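# Commentary on secondary and tertiary structure
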Amino acid sequence: MMISIRKSPTLFLILMGLFQFIFSQDSGETSVQGGIGAVTIDGKVWNQIAIRPVVPFWKLAVALDIVLYIDEDGNIRKDEWDFSSGNAIKNTIVDKIYYIRYGQPNDPLYIKVGALDNVTLGYGILVNGYSNSIQYPQVRKVGLDARMKKWGVSAQGFVNDFKENIGLSGFRVSKRLPVGFHAGIALVVDRNQFLGLKDSDGDGRPDLVDDFPDSDNYWLDSDEDGLADTDPDEIDRDGDGFPDVNNLDSIHVWWDDLGAAVGVDFSGESYYDSIPDNDIQLDNEPLNVKTDSDGIGGMSVDVSYPVLTGGSLKLDVYAQMAMLIGKTTNPASPTEKVNTGVGIVPVGIASSFGPARLNVEYRIIPGKGRFEFGYWNRSYEIERATFHQFGSNVDVMTKESKLGEYGGQNGIYGRLGVDIGSLITFGSEYQYLRGEIWNGNEFAEQNNQSLFAALKLQKKISKISRAEMFYYQRNVPNLLEFEMNESTIMGYRVGIAVSSGLVLNYVFTRSFVDLNGDGVISGEGETVNITTIETSFNF
């Protein structure tokens, strides 16, 4: 939906108030970045005008993201400026927060509200690299990452999005024990995975199954004639040519209109005062995320011991175990729901030496499997819940429902981060497991590999002011075949300095969705590209 500033005094007053607040701050402390360019959202190209101020107060910093998306006709995209209801106003205001930050991650108290790029709880057996901003700006989420260290206790908690009223949340508490060991416990809950489905009008019916995605009053149109089944003007909901309402006056109007159109007077016929349709065939009510829910949770415990703590070399030995709490589908019997499983790391090593950081683990998924290490990860918001087309039926597939395809497995995991001087940062993760995996017909022994790699420029090189790239893929038999799945994400960002204070930015992210549920990514419809081209400037 689109709106116009001229027709929306509320939008105009809010913009003026924000600008007055921004520019009334001390220019020596406040930095303001502007941006003009184009961005692809849901396959449509929008012109973009952005103001991104950062206002610091002591240890507190407030960064806003005030953006207008304008189409070729001069209309403004409504999603970011919706004042139609109390909930819409709340989401519009919250949406303008890129982040509010208190302190730094290693401080005794650190709080960040807004975009979360990388959240890990403990050693990452449940939450590893979770991001709520992977689909930005197409999907904007405002979450929370809070950390505290006091009295020998460390605590961390996170929330994925206040706009969905805290759908996903988790926390971990750890404490040093008298014998030198450290012990931690964590709990994570996604109260409703369906909240990951886009619902533009906020009526609870996701866009893909909502016949009126821009109206919160209507959502079902069985005969696809443009009139909702609950519209008072709709008297033939199934479109079979026979009225199916119980109001006699409406029946008369229907026959009179038909008679005027074909030149026949039906008022003397026996069926003029009857209800001719005794077999009304209507579509089923679509999923309603406000009343239908499917949750999943997880618990973990870990224990560690610092072997080396002094100098530039540090070494910890640890073990951890986690359990996912939910129901998944048995692929051998699709109507059967079975409990999710357990993952164990009997031994792991975490070390840092100079500019490098290294983790190595031995991993076990025992018994029937149905577990994934780092379940809440970078791609979670993409995999959380998706629609799959099976013939004429559209079904919701949650990430949880696919866990049944992974049986008992074991193998190794490694993570490496290296700072190459002050110029480049490199990070990578690799997992190799082998065990029973569903191949479409039966469980068979296969490889299960995952990879994450990222490279980031830390300092300007000539005209290149910023550069980073990443590739992420999980749960494939062979990484070298580059067969895409719904966990695959790749992208890059390049900033080129055009002149002093003026930077041309190119941002690209690609992800994938298996719309037909055949396990194969093919065609443009199953590839999701998000592209932003922006000229940014400071003032």
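Reference entry: report on the structure contained in this document.

Cut-off values and rules
Residues numbered from 1 in each chain as written. Predicted model: local features only at pLDDT ≥ 70, side-chain atom pairs only at ≥ 80, totals over all residues. Heavy atoms only, no water. Helix = DSSP H or I, 4+ residues; strand = E, 2+ residues; numbered from the N terminus. Buried < 20%, exposed > 50% of the residue type's maximum accessible area, 1.4 Å probe, protein only. Contact = heavy atoms within 4.5 Å. Pairing = 2+ DSSP bridges.

## Some remarks on unusual backbone geometry
- Here the amide bond leading from Tyr136 into Pro137 is cis, since omega sits at 0°, within 30 degrees of zero.
- For Pro137, the position within the fold is in the loop between strand E8 (109-114) and strand E9 (143-150).
- Notably, Ile166 is not glycine yet its phi reads approximately 60°, a positive angle.
- Along the polypeptide, Ile166 turns up in the loop between strand E10 (153-159) and strand E11 (168-176).
- On the accessibility criterion, Ile166 (33% relative accessible area) is partly exposed.

## Some thoughts on helix H2 (residues 86-95)
- Taken as a whole, H2 has its buried residues at Ala88, Asn91, Thr92, Val94 and Asp95.
- Along its buried surface, H2 packs onto strand E7 (97-102).

## Quick word on the pairing of strand E3 (residues 44-57)
- Pairing of strand E2 (residues 31-41) with E3, which is carried by 11 bridges, proceeds in the antiparallel orientation. In the strand pairing of E3, Ile41 is matched with Lys44.
- Relative to strand E5 (residues 66-70), E3 is paired through five bridges, and the arrangement is antiparallel. When the sheet's bridge partners are listed, Asn47 is paired in E5 with Ile70.
- Relative to strand E4 (residues 60-64), E3 runs antiparallel, the two being bridged by four bridges. Bridge assignment links Phe57 to a residue of E4, and that residue is Leu60.
- In this antiparallel pair of consecutive strands, E3 and E4, the connection spans two residues, and Trp58 shows a positive phi of 55°.

## Section: the side chain of Ser401
- On the secondary structure map, Ser401 appears in the loop between strand E20 (393-398) and strand E21 (406-420).
- Leave out the neighbours within four places in its chain, and Ser401 touches Thr328 and Thr329.

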